[in-house]
Amino acid sequence: MTPLSSGGRRSAAILILATMIAAAAYVFIYATGRADRPIRSDGFSYYVYLPAWFIYHDPTLAAVADDCCGGEFPPFTAIIRWPGTRRWVDAHPIGVAVMQTPFFLMAHALTRWSNLTPDGFTLYYQHAAGLAGLAWTVAGLWTMRALLRRHFTDRATAATLAALLFGTSLFHYATYDSSYSHAYSFFLIATLLDLTDRWHGRRSRTIAVLLGLVSGLIVLTRHTNLLFLLFVPLYAVANSGIRETVHALRERARELLLMAAVAALVIAPQLALYYQATGRVLVSSYGDLGFDFAHPHIIGVLVSVQKGLFFWSPLLVLAVAGFLRRSTMARNLLVPAAVVLTANTYVIASWWDWQFGASFGHRGFVDALPVFGVGLASTFEWASARRARTVAISIIVVLAVGMSVIHMIQYWNGVLPMSDLTWPRYRAVFLRFK
Amino acid sequence: MTARHGLWLFVAAAALVAALAYLRDPPWLITIESGFRAWETDSRGVRARWTGGHASFFVPSGAQFVTVPLRTTFARHDDGPVAVTVTIDDRPADRVTLADDGWRAILLRLPAADRRRVRRVDIRVDRVRSGNRGVQVGEVLIR
């Protein structure tokens, strides 16, 4: 496959500029005290494995609990003592920590060099965790660029990357809440799509191994994102049909087995951790909290003022429309995207706290933004064919991005509440920054 | 590798070395703390702040003595005594047990000044009160 445009300077320039803006926003957020230190809330429990492994050499988390918290993790950490064994079980898996490791090790070396406390929670560790999320988001955008440029013009690619970053809550999860898992999942899902696209283009054991690695990390980062792995087998169904796809997959059974073996190897340490803590390999790490599949809040998660995906990121309506177009890439993704996004929405809507607690927009969908990105690129390419379409879509995008940025600043300033927003409250603070 | 690439590599390496040299002993380290809550003032006007399980701060390396006032609360019937361990640059400096809710000042004698501008003082507790509160630390006196 060859790029449809040879230069790619426009999309590269957009990404460099976007990286600079995101880095400046990160500094602004912490310099002005808009956010508490980066390792907070869910970010704490995603990160806590690193000091446990590299500083206290105690994967049970007990030594970290002793040092940070006098022996007992506070309730906000979602790290619970497992009934029966009394050992610590972290609600959040190890994937984020694995991906933060290079940043953590640099911070640890710098901490020792500067004589700060090497406990895993002082200055350099904090911003290593914060900047790791930003770096993986940027890496995810570069991966998206590689994927999109194989199928769309550079202009459509550049517009998609900019719109995705600034017109959704991705920018927020790359900067303000960058220690959460979403920036990492964004990168991983983008890479899954890119590798899947390459793998269906040609036989390659290397790509199969990489797909296994990424698939394992996806599950390690957020267990429910297992659903996204359906992209690998379903990728070409829309173009080739079910029978042809099954036949093609059978022919590549060895590569699929290789993929599965690598993924299993990557996931194994998590299962070992669960086993040492609970005596079981598969556990519900949230304890009593769980899903209510009989009463999903579908409207709530899609269109409500509280956290509705399309209310807070209306730009994504254009992405959905893009899948209806007959571009090859969007068409390839149509079936898996429909299956995965529907199932993902159902799972998110069935979670006991369907708003996902304190969050800007619905953070459960940030992981799926690379999928929406393909639809968005398809729409942008369609729009670029005629001037009238370009003008109309440009106006819509500018308005959607503008509203998203305004909402984000309102959230950072504490004008918008972290959850349970009502329509009267939304109207009362509309366009207000204080 | 072209001459231009070599130049960029040299500039990057020089910047890294300069940054590391600066970060070895930066002047702003004296302002860095970790593990402390916000300051509170009690009804008698005494200012103090809670630590978590572990807190740290820096003092000038030229100082000879540091006095650290410590206190804890016994609000619940099962609140036991709190053992507090203090280290200076990771070397043991003092260990006290707070068995009542009165203030207790510990006097730390600092080793002779070394090549750094600051010394790090770490306070660790063996148990916390509800809400991850370790001990209350009052105004630290440095001589």
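Residues numbered from 1 in each chain as written. Chains lettered and ligands numbered in written order. Predicted model: local features only at pLDDT ≥ 70, side-chain atom pairs only at ≥ 80, totals over all residues. Heavy atoms only, no water.

## Quick notes on the overall build of chain B
Rules: Segments assigned H or I by DSSP are reported as helices when at least four residues long, segments assigned E as strands when at least two residues long, and all are numbered from the N terminus. Both definitions apply: the radius of gyration is a C-alpha atom measure, and the globule rule equals 2.2 Å times residues to the power 0.38. Burial classes: relative accessible area under 20% of the type maximum marks a residue as buried, over 50% as exposed, and values in between as partly exposed (1.4 Å probe, protein chains only). Whether two residues are in contact is decided by their heavy atoms: any pair within 4.5 Å suffices.
Counting its secondary structure elements, chain B contains one helix and ten strands. In sequence order, the secondary structure elements of chain B are arranged as α-β-β-β-β-β-β-β-β-β-β. Computed over the C-alpha atoms, the radius of gyration of chain B is 20 Å, more than 25% above the 15 Å expected from 2.2 N^0.38 for a compact globule of 143 residues. Taking the principal axes of its C-alpha atoms as reference, chain B extends roughly 75 × 35 × 30 Å. Here chain B holds 143 residues, and 41% of them are scored as buried. Considering only intrachain contacts with a sequence separation of at least 6, the fraction spanning at least 24 residues in chain B is 70%.

## A closer look at the pattern of salt bridges
Keep this limit in mind: A side-chain nitrogen of Lys or Arg and a carboxyl oxygen of Asp or Glu constitute a salt bridge if their distance falls within 4 Å.
If you walk through the whole model with that rule in mind, you get 23 salt bridges over all chains. Among the salt bridges present, the one from Arg198(A) reaches Asp194(A), with a minimum N-O distance of 3.1 Å. In this pair, Arg198(A) and Asp194(A) are both assigned in helix α9 (residues 182-201), four residues apart and thus about one turn of the helix distant. Accessibility expressed as a relative area gives 32% for Arg198(A), which makes it partly exposed. For Arg76(B), the salt bridge identified is with Asp78(B), shortest N-O distance 3.2 Å. Each of Arg150(A), Asp194(A), Asp197(A) and Arg198(A) takes part in salt bridges that share partners, so that together they form one network.

## Let's talk about the nonpolar core
Where we set the bar: Put simply, buried Ala, Val, Leu, Ile, Met, Phe, Trp, Tyr and Cys residues joined by side-chain atoms within 4.5 Å make one nonpolar core.
Formed by 133 residues in total, the largest nonpolar core has its most connected members in Phe73(A), Phe231(A) and Val371(A). Looking at this core, the element that brings in the most residues is helix α6 (residues 123-149) of chain A, giving twelve residues. Beyond its immediate stretch of four places on either side in the chain, Phe73(A) contacts Phe44(A), Val48(A), Leu61(A), Val64(A), Ala65(A), Cys68(A), Ile79(A) and Trp88(A). Residues Val96(B), Ile106(B), Leu110(B) and Val125(B) belong to the second largest nonpolar core, which totals 23 residues.

Remember that the coordinates give geometry; whether it matters functionally is a separate question.
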